[in-house]
Structure formats: structure tokens, C-alpha cells
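Structural description and commentary
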Amino acid sequence: MTTRADCARLDAADPLAHLRAEFTLPEDVVYLDGNSLGALPRAVPGRVADLVERQWGRGLVASWNDEGWWDAPRTLGARVAPLVGAAAEEVVVGDGTSANLFKVLVAALRLAGDRRVVVGEAGNFPTDLYVTQGAAELMGATERRVDPDGPGLAAALAAGDVAVVLLSHVDYRTGALRDMAGITRLAHAHGALMVWDLCHSVGALPVRLSACEADFAVGCTYKYLNGGPGAPAFTYAAARHHDAARQPITGWHGHADPFAFTADYRPAAGASRFLSGSQPLVAHAALGAALDVWEGVDLDLVRAKSLAMTGLFLELTAPAGLASATPRAPERRGSQVSLLHPDGYAMVRALGERGVVGDFRAPDVLRFGFTPLYLRYVDVFDAAAALVEVVRSGEWREPRFAARRTVT
Ligand SMILES: *Cc1c(COP(=O)(O)O)cnc(C)c1O
């Protein structure tokens, strides 16, 4: 069994340890929910204040030019690009994941000729399911849902009528990591386009969209990228689709010549055509500061530390006797551990009272996210010890832990 002293030694040798100082974290909290809302980067408040007080307050409307506001979706996109293995001009930042998903699904269906089937996953995050329903309804398409970790995906593709496949790279409930290269190849072999949702993989592990020849991808920036609550999302469109892709929300920020103020829409070149309207610049400022932390960070080191931490947490929580939904094989694991218990909500609340923050996903998942930029191995040790204690002592049975709050 790994001891706390072993963990302290791992921290002393950790090549990412210095990055914790880039974050503002409460002293008495072990934060294992960075896969829901990333922690606050220390530079964010100053950067937001600068945007509000100087750029807006003094610069006023000139800041659209002087401070690069107009190009922010592209300059931020270019900074997200290396985190997802894409070229700078293939990524734009703007709107939310749900909206961007709608845009790329419609664009993919329009590229797919006569094919009118969208294959998704039965257990995907609800917004992906709902948006797929909305896009399919608009486009006269049908939806098929499969278990992407079983044989269902290959069977669905073999029908030969699939226009587009949408999968999450990492499953939000179980933490299972999908084989992006293999699945994209399979979709293409059957004439389908491949859309990836990167919400639970960007910033958690190296993502290689270009190398895998993915067609489109979306992802949020408020989880592992620490962009702040409701931070704008990103859209990736492979360069080979830039000329032909047509998304449905044809606003002026995606126009080829927006300041000509012409009467008809003409799409911009590159991924810019996936933009629609004006963006939240205050939120952009926060995201810009959050992305600074990623400069020079080796994603292979992030991945190695993430796997070490999830492996350690699985080892140390074994005495709690909870089943795990997270794959044991490291190459199939994202950056979270999901333990199962019907009273998991009360257990997570009881843990919260001990300063360990995880979350709960209905019906029975206790979810713990591991963020290598700001977590220490001793934190993993302490969190695991607290969980074992909560389960063994039965303290979670206290009635006050059972009442569900709005956000679980
Ligand atoms: C977090 C998450 C989203 C979030 O969508 P929003 O539009 O930002 O609310 C979407 N899809 C998946 C798979 C997620 O994990």
C-alpha cells in the first residue's frame, strides 16, 4: 500500500509541481472537481480587471482594434490548437459547447450528401443527446444511439448509411477514454464524418485531432482548461472542410467581409466561418490568463501524472469496497475515477464536509476528477483516506447529506 510519505516523495520529484502556485486554491480543500469547473488561475482577476477598467473604461470602442478584441476568437483558438493537436487556423473560440455542437452537426450533415443518419452514444452527456435530436430534426435526419465501447458502433456503421458519428473522447460518467484514431478510421472507412466532443479530454491528456484525421470537434474551456464558469467553448474544423462547410447560424462574425455591411451572407475563410456573433470579451480575458498557464506545459507529463493519480486513488480507495466504473487499463482511462453506490450523493456531500470536493452524477456515480496542474499526490492520499473513512464509518447516513441541491 502506498503511504503518505511515498506521496510526499512523488510530489518532491514531480516536474509539474511548480504549476500549483499559478492557482488560487483554498488551503483546507482537496479539489477533485476540476473536471466540472477548473480552479481559478492566479492571474485571472488582474486580467479581467485590466479588460474592464483600462480596455473598456478608458479605451472604449477603440479597443476592438487596439486590444485585438475583434480577432480574439482566432487568437484564443490558435492557443487552444496545440492542446488538441490542430493547426492554429483550424480552431476558433466562441459561444458554448452546445451551440458549437449544433453548428458542426448541421455542417457535417450538409457535407454528407444523401446520407441522413447520425450515430451517437446512448450514455453521452445529455446536451450532446439533446442537440443531436435538434439538429437531426432540422435536417430531416435520424439518430441511432450505440454503446461506443461495445460492438454496436461497428454494426451501426456497417449499415452504410451513416452521415456522421458523434462521440465523447472521454465518457463523463465512467471516465472511459475512446480510441480516437481507430474510431475515426472506422467511421471514414464507412464513408461517415467524425465529430469528437473533447470536454473531458482537452487539458487532461494529449489530443491529436489532425493526426487522427478528425473532421470536427468541440470542447469547453471551463473544465481542465480553467477558463472560468461558463467560459466560451471552441470549435475545430479540419482544414480540408473549410471551403465546403456551411454552419447554420450565419452571423456577421462568420462573414467574409463583415465591415462591408453587405446585405447577403458570404462565409469567411477558415474556421472563422463557424463564428456567429459578438463574444463575451470579459470571459475571453479570463480564458486568456488561464491559457497562459498552459504555455510550455508538456502534455505527456500531464498524462503521466494524471494516470499515476487515478491509479493511486483506485488503489487507496479499494478498502471502501465501492465498485469502479473507470477502466483499469491506463490506456482506456481519462483523468477521473468513478465509483458506484446508490447513495453516492450523500457520500459526496459527507466528503465535502471533510474538505474533499467531488461530485455526483445520477443515478449512482461518485465522480472524482484529477487535474495534474494543481493537485499533489498527498492530496490524492488525503482524499482517498477521507472517502474510506466516510464509507466505513457510515457518517454519510446522516439525514442532512441526503437532501439534493440543484447542482449535484
Ligand atoms: C461539460 C460538457 C458539455 C457542456 O456543454 P455546455 O454547452 O458548456 O453547457 C457538453 N458535452 C459534454 C460531453 C460535457 O462533458
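Computed from a prediction, not measured in an experiment: that's the story for all the values here.

Let us look at the domain arrangement of the protein. As assigned here, the protein comprises domain 1 (4-16 + 298-402) and domain 2 (47-293). One C-alpha centre belongs to domain 1, the other to domain 2, and the line joining them spans 30 Å. Contact with domain 1, which involves 24 residues of that partner, is made by 20 residues of domain 2. Between domain 1 and domain 2, roughly 1600 Å² of surface is buried when both sides are summed, and carbon and sulfur atoms account for 56% of that area. Among the residues domain 1 hides against domain 2, the three largest losses belong to Leu299, Arg332 and Gln336. Together they make up 30% of the total. At the junction of domain 1 and domain 2, the tally comes to one salt bridge. Here Asp300 and Arg208 are joined by a salt bridge, their closest N and O atoms 3.8 Å apart.

Attention now goes to the site of the ligand. Surrounding the ligand, one finds Thr97, Ser98, Phe125, Thr127, Asp128, Ser168, Asp197, Cys199, His200, Tyr222 and Lys223. Taking Ser98, its side chain carries an N or O atom lying 2.6 Å from an oxygen atom of the ligand. Measuring from a nitrogen atom of the ligand, one finds a side-chain N or O atom of Asp128 at 2.8 Å. Contributions of two or more residues to the shell around the ligand are made by helix 5 (97-111) and helix 6 (126-139). Per-class residue counts for the shell around the ligand are three nonpolar, five polar and three charged.

It is worth spelling out the sheet that holds strand 10 (residues 234-237) at this point. Here seven strands make up an open sheet; going across it, the order is 4-10-9-8-7-5-6 and the pairing mixed. On the outer flanks of this sheet lie strand 4 (91-93) and strand 6 (142-146), each paired with one strand and no other. Neighbour-to-neighbour, the strand axes of this sheet turn through a mean angle of 20°, independent of strand direction. Pairing of strand 9 (residues 216-219) with strand 10, which is carried by four bridges, proceeds in the antiparallel orientation.

Before going further, it helps to spend a moment on helix 10 (residues 299-317). For helix 10, which comprises 19 residues, the first-to-last C-alpha distance of 27 Å matches the rise-based estimate of 27 Å (1.5 Å per residue) to within 8%. Buried within helix 10 we find Leu299, Val302, Arg303, Lys305, Ser306, Met309, Thr310, Leu312, Phe313, Leu314, Leu316 and Thr317. Measuring from the backbone nitrogen of Asp300 back to the side-chain oxygen at the start of helix 10 gives 2.8 Å, which picks out Asp298 as the cap.

Okay, the packing of aromatic side chains next. Under the defined criterion, the tally for this structure stands at 13 aromatic pairs. Between Phe125 and Tyr172, the ring centres sit 5.1 Å apart and the planes meet at 85°, which makes this aromatic pair edge-to-face. One end of the pair, Phe125, is in the loop between strand 5 (117-121) and helix 6; the other, Tyr172, is in the loop between strand 7 (162-168) and helix 8 (180-189), with 47 residues separating them in the sequence. Accessibility expressed as a relative area gives 33% for Phe125, which makes it partly exposed. When the centroid spacing of 5.6 Å and the interplanar angle of 70° are considered together, the rings of Trp252 and Phe259 count as edge-to-face. Counting every residue linked through ring pairs, the aromatic cluster contains Trp64, Trp69, Trp70, Trp252, Phe259 and Phe261. Across the ring face of Phe125, the terminal group of Lys223 is positioned such that the distance to the ring centre comes to 5.5 Å.

The subject of this paragraph is the packing of helix 10 against helix 12 (residues 377-393). Contact geometry for helix 10 and helix 12: axes closest at 9 Å, N-to-C directions at 25°. When the interaxial angle is binned, helix 10 and helix 12 end up roughly parallel. Here the hand of the crossing between helix 10 and helix 12 comes out right-handed. Here Lys305, Ala308, Met309, Leu312, Phe313, Leu316 and Thr317 of helix 10 come into contact with helix 12, specifically with Tyr377, Val380, Phe381, Ala383, Ala384, Leu387 and Val388. Considering only residue class, the contact of helix 10 with helix 12 consists of twelve nonpolar, one polar and one charged.

What counts and how
Residues numbered from 1 in each chain as written. Predicted model: local features only at pLDDT ≥ 70, side-chain atom pairs only at ≥ 80, totals over all residues. Heavy atoms only, no water. Domains from an automatic or database assignment. Contact = heavy atoms within 4.5 Å. Buried area = accessible area lost by both parts, 1.4 Å probe. Salt bridge = Lys/Arg side-chain N within 4 Å of Asp/Glu carboxyl O. Near = heavy atom within 4 Å. Polar contact = N/O pair within 3.5 Å; in protein donor to acceptor, adjacent residues only side chain to side chain. Helix = DSSP H or I, 4+ residues; strand = E, 2+ residues; numbered from the N terminus. Nonpolar A, V, L, I, M, F, W, Y, C, P; charged D, E, K, R; others polar. Pairing = 2+ DSSP bridges. Axes fitted to C-alpha atoms, helices over the stretch in contact; angles between N-to-C directions. Expected span 1.5 Å × (residues − 1). Buried < 20%, exposed > 50% of the residue type's maximum accessible area, 1.4 Å probe, protein only. Phe/Tyr/Trp six-rings, centres within 6.5 Å; stacked < 30°, edge-to-face > 60°. Lys NZ or Arg CZ within 6 Å of the ring centre and 35° of its normal. Parallel < 35°, antiparallel > 145°, perpendicular 65-115°, else oblique. Left-handed = near helix turned anticlockwise from the far one by under 90°.

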